[in-house]
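The primary structure of each chain is shown beneath.
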Amino acid sequence: QFHRARILTKDDVHRDEVGVGSVVDIIDSKGNTSQYTILGPWDADPEKGILSFQSKLAQVMEGCKEGDSFRFKDEEYTVAGIKSYFDR
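Sequence order as written defines residue numbering, which begins from 1 separately in each chain. At least 70 in pLDDT is required for a residue's local features to be given in this predicted model, at least 80 for side-chain atom pairs to be given and counted, and no such filter applies to totals for whole chains, interfaces and linings, which use all residues. To get the side-chain values, take all heavy atoms of the structure and skip hydrogens and water.

Draft legend 1. Main features of the overall build of the chain. By the criteria applied, helices consist of DSSP H or I runs no shorter than four residues and strands consist of E runs no shorter than two, each listed in order from the N terminus. The number of helices and strands found in the chain is 1 helix and 5 strands. Each helix (α) and strand (β) of the chain, taken in turn from the N terminus, gives the series β-β-β-α-β-β. In this scheme, a residue with accessible area under 20% of its type's maximum is buried, one over 50% is exposed, and one in between is partly exposed, where area comes from a 1.4 Å probe on protein chains only. Counting only residues that meet the buried cut, the chain has 33% of its 88 residues in that class. We call two residues contacting when some pair of their heavy atoms lies within 4.5 Å. A separation of at least 24 residues holds for 42% of the contacts in the chain among residues at least 6 apart in sequence. Residue-level accessible areas treat just the shown protein chains as cover; the underlying method is Shrake-Rupley with a 1.4 Å probe. Just so you have it, the chain exposes about 6,000 Å², and 48% of that area is on carbon and sulfur atoms.

Structure (structure tokens):
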């Protein structure tokens, strides 16, 4: 994996849909909010809300736009906001 790795730049991260480098705010059907950052597998730390783009949750969210809904583990979620990792 190391030889395929590349450095993520500001220009690589789109704010209009979920992808690598996105910081995503989601709301579950009960109104609870969570925030996840989508990065590479070497940066993943689920306890801190940092997911690998290879994780199942990140894969389900990938391509979603603000306001889109998706299902994960029999729960409905809505994308409430998308920011760039570089805007932190």
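Draft legend 2. Expanded view of the side chain of S52. Along the polypeptide, S52 turns up in strand β3 (residues 50–52). Residue S52 is classed as buried on the basis of its relative accessible area, which comes to 9%. Looking at S52, its side chain comes within polar contact range of the main-chain nitrogen of Q54, at 2.9 Å. When near neighbours in sequence (up to four residues on either side) are disregarded, S52 contacts L39, G40, P41, A44 and A58. Pairs of N or O atoms within 3.5 Å make up the polar contacts considered here, provided that, within protein, one atom can donate a hydrogen while the other can accept it, and that residues adjacent in sequence are counted only when both atoms are side-chain atoms.

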